[in-house]
Amino acid sequence: MSLVDSYRRRNKKPKPFPTTAPRTVELGAGSITTYTYGRDLYADMLAAIEGAQRQVLFESYIWKGDEVGEQFKQALADAAGRGVEVYCIYDGFANLVVSPLFKSFPPTMKVLRYPVYNAGWRFFDLRRYGRDHRKILVVDDAVGFVGGYNVGTAYATEWRDTHVRIDGPAVWDLKRAFADFWNLNRRRILGTSERPLLLEAAAQWESRIRVHRNVPRLWMFPIRGMYLEAISRASRNIWMTQAYFLPDQDFVDELVAAAQRGVDVRLLVPLKSNHVVADWVSRGYYAQLLRAGVRILRFKDAMVHAKTATVDGTWSTVGTANIDRLSLTGNYEINVEAIDEDFAQSLEEVFQLDQTNCLELTLHEWEARDLHRRFTEFLLTPFRPLL
């Protein structure tokens with residue numbers, strides 16, 4: 001499968017794709033800004049780090065040792081050098097191919113590398129096998145960033161992803177999410193001398209934004225329930241963008257039921273993702289969805305890595321969790337849920353623009369697929385629960 005992935009990417013030059021400029025909407029006592037182009041996002045993230053006065057919390061699943069990765073490393077080191085508290089977390093497994101030299105940090109930075117293998121002698125404790133798939137940046141309790149973007153040069157211009165910037169009271173929920181993960185792992189990874197990351201209580205709550213966290217160590221997976229509740233309540237439309245769509249049957253049943261009661265259900269996925277196995281396995285659900293009236297839109301010329309959804313022009317989510325077993329019942333993930341018409345409208349506009357760069361899959365086209373594709377889907381069916 002890895003060989004097939006490598007072959008598909010060979011000599012493939014990135015092509016331009018439509019994007020929207022960062023858009024900010026007021027939300028309660030704060031605001032939320034949507035990013036769909038990595039270069040715009042990275043510029044604002046680096047500016048926030050460079051303006052930090054007290055504390056920076058940075059967490060990334062993938063942190064490449066390339067030009068963009070070096071820019072973030074230098075910005076964080078500079079902040080620590082001027083007296084700012086800098087905490088960083090990255091996933092060891094996701095960064096195995098990154099040079100050890102890049103992963104050498106100045107002592108002024110506090111860095112937690114989440115281990116490749118985290119179970120120790122507890123081989124059968126499934127709570128300890130989740131990866132840290134989150135992407136968070138919090139600066140000075142004032143601004144927070146979260147979404148699908150990892151940190152690397154290719155993501156700046158070649159991938160279509162979605163991230164949000166949050167200003168206001170909801171930043172506290174992102175800070176608490178970072179601190180809880182740090183404190184859960186600091187002692188065993190960094191040693192008993194490492195003190196916990198202490199937080200004050202938030203001064204106020206933002207009632208229209210909630211931050212949902214999957215925490216496998218605590219057997220806590222609220223993101224799947226968040227999606228299912230929103231889908232089951234939909235009456236007008238469900239527009240969902242997913243990098244890897246490998247749902248369980250209950251999830252498929254909810255989408256089918258929504259389409260059958262007249263909801264406009266649209267699923268936007270990559271035409272060809274960066275993981276061929278995910279592409280082949282996800283197709284096993286297409287027949288049920290298409291027959292129910294779900295529209296399947298395939299984004300061309302670039303990898304769409306976003307994990308977003310909007311329902312009925314009111315409910316929206318942006319985050320790190322894919323619709324697959326690893327994200328919904330396996331990894332450490334974080335999603336922002338917002339109840340706001342203006343934010344939902346901004347995500348709908350993003351979806352409509354993305355749709356102009358898609359090829360729609362029809363039921364006739366799907367049923368006419370060749371024998372090779374049918375055989376591949378059948379062969380991979382037993383592996384659905386593992387992905």
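See above for the structure.
Residues numbered from 1 in each chain as written. Predicted model: local features only at pLDDT ≥ 70, side-chain atom pairs only at ≥ 80, totals over all residues. Heavy atoms only, no water.

(A) Region of interest: the sheet that holds strand β15 (residues 307-311). With mixed pairing, the 8 strands of this open sheet are ordered in space as β10-β17-β16-β15-β11-β12-β13-β18. If you trace the sheet from one side to the other, it starts and ends with β10 (209-214) and β18 (358-361), each paired once. Within this sheet the neighbouring strands show an average axis-to-axis angle of 15°, counted without direction. Sheet analysis places strand β16 (residues 315-319) next to strand β17 (residues 333-339), joined by 5 bridges and oriented antiparallel. In the sheet register, Gly 319 faces β17, and the bridge partner there is Asn 335. (Pairing = 2+ DSSP bridges. Helix = DSSP H or I, 4+ residues; strand = E, 2+ residues; numbered from the N terminus. Axes fitted to C-alpha atoms, helices over the stretch in contact; angles between N-to-C directions.)

(B) Examining the pairing of strand β9 (residues 163-167) more closely. Across 5 bridges, the pairing between strand β2 (residues 30-35) and β9 is antiparallel. Bridge assignment links Thr 33 to a residue of β9, and that residue is Arg 165. In the sheet, strand β7 (residues 143-147) pairs with β9 via 5 bridges, with the strands oriented antiparallel. Across the sheet, Phe 145 pairs through a bridge with Arg 165, a residue of β9.

(C) Structural detail: empty space enclosed by the protein. Tallied over the full model, the rule gives 2 cavities of 30 Å³ or more. Within this model, the largest cavity holds a volume of roughly 80 Å³. Contributions of two or more residues to the lining of the largest cavity are made by β11 (237-242), β15 and α11 (341-355). A per-element tally of the lining of the largest cavity places α11 first, with 4 residues. Class assignment for the residues of the lining of the largest cavity results in 5 nonpolar, 4 polar and 2 charged. For the second largest cavity, the calculated volume is near 50 Å³. What lines the second largest cavity is Met 45, Phe 58, Glu 59, Ser 60, Lys 135, Ile 136, Leu 137, Phe 145, Tyr 149, Val 151 and His 163. Secondary structure elements with two or more residues in the lining of the second largest cavity: β3 (55-60) and β6 (136-139). (1 Å grid on protein atoms, 1.4 Å probe; cavity = no way out; pocket = protein on both sides within 12 Å on 5 of 7 lines; lining within 4 Å. Points joined across faces, edges and corners; volume = space filled by probe spheres on them. Nonpolar A, V, L, I, M, F, W, Y, C, P; charged D, E, K, R; others polar.)

(D) Quick look at the sheet that holds β3. With respect to topology, 8 strands assemble into an open sheet ordered β1-β2-β9-β7-β6-β3-β4-β5, the strand pairing being mixed. Taken across any chain shown, the strands that pair with only one partner, and hence form the sheet edges, are β1 (23-27) and β5 (110-114). Direction aside, the axes of adjacent strands within the sheet are offset by 15° on average. Summarising the sheet, strand β4 (residues 85-91) and β5 pair through 5 bridges and their orientation is parallel. Each bridged residue has a counterpart across the sheet, and for Ile 89 the counterpart in β5 is Leu 112. On top of the sheet, helix α2 (residues 38-50) reaches β2, β3, β6, β7 and β9; it is set at about 145° to β7, its chief contact. Seen against the sheet, α11 touches β1, β2 and β9 and runs at an angle of roughly 160° to β1. (Contact = heavy atoms within 4.5 Å.)

(E) Structural context of the pairing of β15. Within β15, 5 of the 5 residues are buried, which leaves it mostly tucked inside the rest of the structure. Note: β11 against β15, 5 bridges, orientation antiparallel. Residue pairing in the sheet places Gln 242 in a bridge with Lys 307 of β15. Relative to β16, β15 runs antiparallel, the two sharing 4 bridges. Each residue of the ladder has a partner; that of Val 311, found in β16, is Trp 315. Where β15 folds back on β16, the antiparallel hairpin that results is connected by 3 residues, among which Asp 312 adopts a positive phi of roughly 55°. (Buried < 20%, exposed > 50% of the residue type's maximum accessible area, 1.4 Å probe, protein only.)

(F) Highlighting the nonpolar core. With 44 residues, the main nonpolar core has Tyr 42, Val 56, Trp 63, Phe 72, Leu 76, Val 86 and Met 109 as its most contacted residues. Where this core is concerned, the elements lending two or more residues are α2, β3, α3 (67-81), β4, β6, β7 and α4 (153-157). Composition of this core by domain shows at least three residues from each of domain 1 (12-207) and domain 2 (222-383). Setting aside residues no more than four positions away along its own chain, Tyr 42 makes contact with Val 68, Phe 72, Tyr 149, Asn 150, Val 151, Gly 152, Tyr 155 and Ala 156. Membership of the second largest hydrophobic core comes to 36 residues, among which are Met 226, Phe 251, Val 263 and Leu 267. (Core = buried A, V, L, I, M, F, W, Y, C linked by side-chain atoms within 4.5 Å. Domains from an automatic or database assignment.)

(G) Main features of helix α6 (residues 222-233). The terminal C-alpha atoms of α6, which comprises 12 residues, lie 17 Å apart, in line with the 16 Å expected from a rise of 1.5 Å per residue. Buried residues of α6: Ile 223, Met 226, Tyr 227, Leu 228, Ala 230 and Ile 231, and no others. (Expected span 1.5 Å × (residues − 1).)

(H) Representation of the pattern of salt bridges within the structure. For the structure on display, the rule yields 19 salt bridges. In this structure, a network of salt bridges that share partners links the residues Glu 59, Asp 132 and Arg 134. (Salt bridge = Lys/Arg side-chain N within 4 Å of Asp/Glu carboxyl O.)

(I) A look at unusual backbone geometry. Of note in this structure, Trp 219 is not a glycine but carries a positive phi near 55°. In this structure, Trp 219 sits in the loop between β10 and α6. For Trp 219, a relative accessible area of 52% corresponds to the exposed category. Here Asp 312, not a glycine, exhibits a phi torsion of approximately 55°, which is positive. With respect to the secondary-structure elements, Asp 312 resides in the loop between β15 and β16.

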